[in-house]
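So you can see what is in the structure, the chains are spelled out below.
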Amino acid sequence: MSLQKKRLGKFPFQPTPATTNKSLLNYFSEQFGINEFNGVLYQRDDEFWIFHENIIPLITELRFSRLGIKVAEQFGKGRKSGFRASHEFATCYGQQASNNKVSLTAEQAKSYYQGRDIHDIDTSNTKGEVLLTYQGHVIGLGKSLDNRIKNSRPRDLIIDQNLFDF
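Anyway, here's the lowdown on the structure attached to this text. (Residues numbered from 1 in each chain as written. Predicted model: local features only at pLDDT ≥ 70, side-chain atom pairs only at ≥ 80, totals over all residues. Heavy atoms only, no water.)

1. Comments concerning the overall build of the chain
Assigned secondary structure in the chain consists of three helices and 10 strands. Listing each helix as α and each strand as β along the chain from the N terminus yields β-α-β-β-β-β-α-β-α-β-β-β-β. Evaluated residue by residue, the chain yields a buried proportion of 39% over its 166 residues. Once local pairs closer than 6 in sequence are excluded, the contacts in the chain between residues at least 24 apart make up 60%. Surface accessibility of the chain: about 10900 Å² in total, with carbon and sulfur atoms responsible for 47%. Within the chain, one finds 22 positive and 18 negative side-chain charges whose respective centroids are separated by 7 Å. (Helix = DSSP H or I, 4+ residues; strand = E, 2+ residues; numbered from the N terminus. Buried < 20%, exposed > 50% of the residue type's maximum accessible area, 1.4 Å probe, protein only. Contact = heavy atoms within 4.5 Å. Areas by Shrake-Rupley, 256 points an atom, 1.4 Å probe, with all protein chains shown as cover. Lys, Arg positive; Asp, Glu negative; His and termini not counted. Charge placed at Lys NZ, Arg CZ, Asp CG, Glu CD.)

2. Re the sheet that holds strand β6 (residues 101-104)
In spatial order, the strands read β6-β8-β9-β10-β7; together these five strands make up an open sheet with mixed pairing. At either end of the open sheet lies a strand with only one pairing partner, and these are β6 and β7 (118-119). In this structure, strand β8 (residues 128-134) lies alongside strand β9 (residues 137-145), joined through seven bridges in antiparallel fashion. The partner of Leu 131 across the bridge, within β9, is Leu 141. (Pairing = 2+ DSSP bridges.)

3. Digging into the packing of aromatic side chains
Tallying each qualifying case throughout the model produces 18 aromatic pairs. Ring centres of Phe 32 and Phe 89 lie 5.6 Å apart, and the angle between their planes is 45 degrees; on these two criteria the pair is classed as tilted. Residue Phe 32 is found in helix α1 (residues 18-32), and its partner Phe 89 is found in helix α2 (residues 87-93); the two are separated by 57 residues along the sequence. For the pair Phe 32 and Phe 89, one class covers both residues: buried. Their ring planes at 75 degrees and their centres at 6.3 Å tell us that Phe 37 and Phe 89 sit as a pair that is edge-to-face. Here Phe 37, found in the loop between α1 and β2 (40-44), pairs with Phe 89, found in helix α2; they are 52 residues apart in sequence, far enough to count as distant. With relative accessibility at 13%, the residue Phe 37 sits in the buried group. Taken together, the ring pairs in this structure connect Tyr 27, Phe 28, Phe 32, Phe 37, Phe 48, Phe 83, Phe 89 and Tyr 93 into an aromatic cluster. One cation-aromatic arrangement involves Arg 84 over Phe 75; the distance from NZ or CZ to the ring centre is 4.6 Å. (Phe/Tyr/Trp six-rings, centres within 6.5 Å; stacked < 30°, edge-to-face > 60°. Lys NZ or Arg CZ within 6 Å of the ring centre and 35° of its normal.)

4. Some words on unusual backbone geometry
The phi dihedral of Asp 120 is positive, around 55 degrees, even though this residue is not glycine. With respect to the element layout, Asp 120 can be found in the loop between β7 and β8. On the basis of relative accessible area, Asp 120 is assigned to the exposed category, the value being 74%. The backbone phi angle of Asn 147 is positive, close to 55 degrees, even though this residue is not glycine. Along the chain, the position of Asn 147 falls in the loop between β9 and β10 (148-151). Residue Asn 147 is classed as partly exposed on the basis of its relative accessible area of 49%.

Okay, structure coming up:
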């Protein structure tokens, strides 16, 4: 009986270059106060993912359809460039954050889950992307604007019907 070797195809991720890795970690440190991740940063196009260190030797041996946690995307060119954190990052690493966290009431959390922006909220101590919490748990991301938070919840996670009653 012969063992056939399956063709794995090209692995779509590359290790993140050191300069980009440093820029991304600086962004998370300045924006959220998160200074380290457990794992190794990899990049696919403009997306950044964290893989567990133990997976790295298996990349050439196994075919993966889902691997790691998407933590950010890079956007823009020149002066208007930067990083945008992902919803997965917020829910996985948000508890480690010390900056730019906004606590929501039940009514505001309901609006967030329904995909609406949150109005009449104090955003004076926040700037840019913020982690949104409800009852001490990080539920997602938003962008702090003048007395409102723009909803950054992924559209495929929007819940239109009434999530909970008061």
